[in-house]
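# Residue-level structure breakdown
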Amino acid sequence: MSGAAVLSGGRMELMLSNLRLPTIKRLAGDLCAQSDREGWPGHRLLEALLEHELAERESRRIDRHRIESGLSPDKRLSSFDFAAVPSVSKAQVTALAEGTEWLDRGANVLLFGPPGVGKSHLISGLGHALIDAGRGVLFMRCSELVQRLQTERRDLRLANELAKRDHFDLLGWGAVPNLRRDQAE
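Notes on the structure follow. (Residues numbered from 1 in each chain as written. Predicted model: local features only at pLDDT ≥ 70, side-chain atom pairs only at ≥ 80, totals over all residues. Heavy atoms only, no water.)

## Here's the deal with the overall build of the protein
Each helix and strand in the protein was counted, giving 10 helices and two strands. Among the 185 residues that make up the protein, the fraction classed as buried is 32%. Considering only contacts in the protein between residues 6 or more positions apart, those separated by 24 or more positions represent 68%. (Helix = DSSP H or I, 4+ residues; strand = E, 2+ residues; numbered from the N terminus. Buried < 20%, exposed > 50% of the residue type's maximum accessible area, 1.4 Å probe, protein only. Contact = heavy atoms within 4.5 Å.)

## Remarks on the environment of lysine 119
Tracing the backbone through its elements, the reader meets lysine 119 in helix 7 (residues 119-132). Ignoring any residue separated from it by four or fewer positions in sequence, one finds lysine 119 in contact with Leu111, Phe112, Gly113 and Pro114. Within the structure, the side chain of lysine 119 is placed 3.0 Å from the backbone oxygen of glycine 113, a separation counted as a polar contact. (Polar contact = N/O pair within 3.5 Å; in protein donor to acceptor, adjacent residues only side chain to side chain.)

## Some remarks on the pattern of salt bridges
Inspection of the entire model under this criterion finds 13 salt bridges. Its salt-bridge partner being arginine 61, residue glutamate 58 comes within 2.5 Å of it at the nearest N-O pair. You can see glutamate 58 and its partner arginine 61 sitting in helix 4 (residues 42-69), three residues apart, about one turn around the helix. The class for glutamate 58 is partly exposed, based on a relative accessible area of 36%. According to the relative accessible area criterion, arginine 61 is buried, its value standing at 18%. Aspartate 155 is the partner of arginine 154 in a salt bridge, and the nearest nitrogen-oxygen pair spans 3.0 Å. Salt bridges sharing partners connect three or more residues here, namely Arg26, Glu53, Glu56, Arg57 and Arg60. (Salt bridge = Lys/Arg side-chain N within 4 Å of Asp/Glu carboxyl O.)

## So, unusual backbone geometry
Not every positive phi belongs to a glycine, and arginine 20 is a case in point at roughly 55°. Arginine 20 sits in the exposed class, given a relative accessible area of 67%.

## Thoughts on the packing of helix 5 (residues 90-98) against helix 7
With their axes 8 Å apart at the nearest point, helix 5 and helix 7 run at an angle of 35° to one another. Residue-level contacts link Val93, Leu96 and Ala97 of helix 5 to Leu122, Leu126, Ala129 and Leu130 of helix 7. Considered class by class, the residues forming the contact of helix 5 with helix 7 number seven nonpolar, no polar and no charged. (Axes fitted to C-alpha atoms, helices over the stretch in contact; angles between N-to-C directions. Nonpolar A, V, L, I, M, F, W, Y, C, P; charged D, E, K, R; others polar.)

## Quick notes on helix 7
Side chains that are three or four residues apart share a direction in an α-helix, a result of its 3.6 residues per turn. Between the first and last C-alpha of helix 7 there are 20 Å, a value that for 14 residues agrees with the 20 Å anticipated at 1.5 Å per step. Among the 14 residues that make up helix 7, 11 are buried, leaving the element largely enclosed by the rest of the structure. Among all positions in helix 7, only His121, Leu122, Ile123, Ser124, Gly125, Leu126, Gly127, His128, Ala129, Leu130 and Ile131 are buried. Glycine 134 sits one or two residues past helix 7 and shows a positive phi near 90°. (Expected span 1.5 Å × (residues − 1).)

Following this line, the structure appears as structure tokens:
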């Protein structure tokens, strides 16, 4: 019996749906047929199915974390012009992006500088690199964070809001540009 025929009854499709294994459900027929043609042992078929399922779950998780992060999708470390800002060490930024032990220690990264030098680009790029490394990241403007926390406090949901923040490995805040006194009034 071919792999496609095994899935045609619908019972296996139902089981795979109930088990929430969409990738195996989608690929099982083709991989079972290939297994039959090539004489794979059962463990090799199962291993191939599970590898595909795990790879797609990881890809979906990274996509979900990117969406949740609030990071600018086009601001990556690969597009940052380190030559334009010689005071920024590419080696240090790369070390932060590749090694996450500083997150585990609870260390902070603070970026200071005048407007337009790339602080938001760097933190966004660092955030994307950390998401690729399997970490959760959240980025928002400081003013937005304060407003959200004040609203949640007023609505007696501050504990829930703070608990949501605990799920992220890195919280990045960007400052609002300085306003002149006449602009603020």
